[in-house]
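Reading the structure
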Amino acid sequence: MRLAIEQARAAETAGEVPVGAVVVAPDEKTVLGRGNNQVLRTFDPTAHAEIVAMRQAALALGNYRLGGVTLVCTLEPCTMCAGAMLHARIARLVYAAADPKAGACGSVLEVMNHPQLNHRVEVLSGVLADECGAMLTRFFQHRRRSAKAG
């Protein structure tokens, strides 16, 4: 999770919502992909941290199927990211803060392990949730203050 937090800080430094992700190989030592939110910088609505990290991991493995890997991210994935994880056959998801507005792993929707879908992902939530949640809260407080001042 610390590596994902580093990615979140990089996103924040670039003016993006501070969300970071890493994809870790089944050996739990090798990082296959890193990502941070890049939607504003790349003008790409799909450039969420999780998607960026999965793209890197797929290139590293030479396969769009990421079976056996763990995706670690600082915020509960949205519907798009959860769907991509299912298609990629991610084995395990570890995330920090819940997303009560767009979370698709139980907060708003349950996309990740929907009973009608053909893939299951082990999900562990709440890892360093306070730290990651505080980073997001500070970011949005600062953004609101800047909008009022500007």
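Above this text sits the structure in question.
A word on the packing of helix α1 (residues 2-13) against helix α5 (residues 129-149)
- In the contact formed by α1 and α5, the axes pass within 11 Å of each other and the chain directions differ by 5°. As summarised for this structure, α1 and α5 are arranged roughly parallel, according to the angle between their axes. Of the residues in α5, those touching α1 at Arg 2, Ile 5, Ala 8, Arg 9 and Glu 12 are Glu 131, Cys 132, Met 135 and Phe 139.

Concerning the sheet that holds strand β1 (residues 20-24)
- In spatial order, the strands read β2-β1-β3-β4-β5; together these 5 strands make up an open sheet with mixed pairing. Because the sheet does not close on itself, it has two edges, and the strands there are β2 (31-36) and β5 (122-125). Going across the sheet, the axis of each strand differs from the next one's by a mean of 15°, ignoring polarity.
- Along the sheet face, α5 touches β3 (70-75) and β4 (92-97) and points at about 60° away from the line of β4.

Definitions and cut-offs
Residues numbered from 1 in each chain as written. Predicted model: local features only at pLDDT ≥ 70, side-chain atom pairs only at ≥ 80, totals over all residues. Heavy atoms only, no water. Axes fitted to C-alpha atoms, helices over the stretch in contact; angles between N-to-C directions. Helix = DSSP H or I, 4+ residues; strand = E, 2+ residues; numbered from the N terminus. Parallel < 35°, antiparallel > 145°, perpendicular 65-115°, else oblique. Contact = heavy atoms within 4.5 Å. Pairing = 2+ DSSP bridges.

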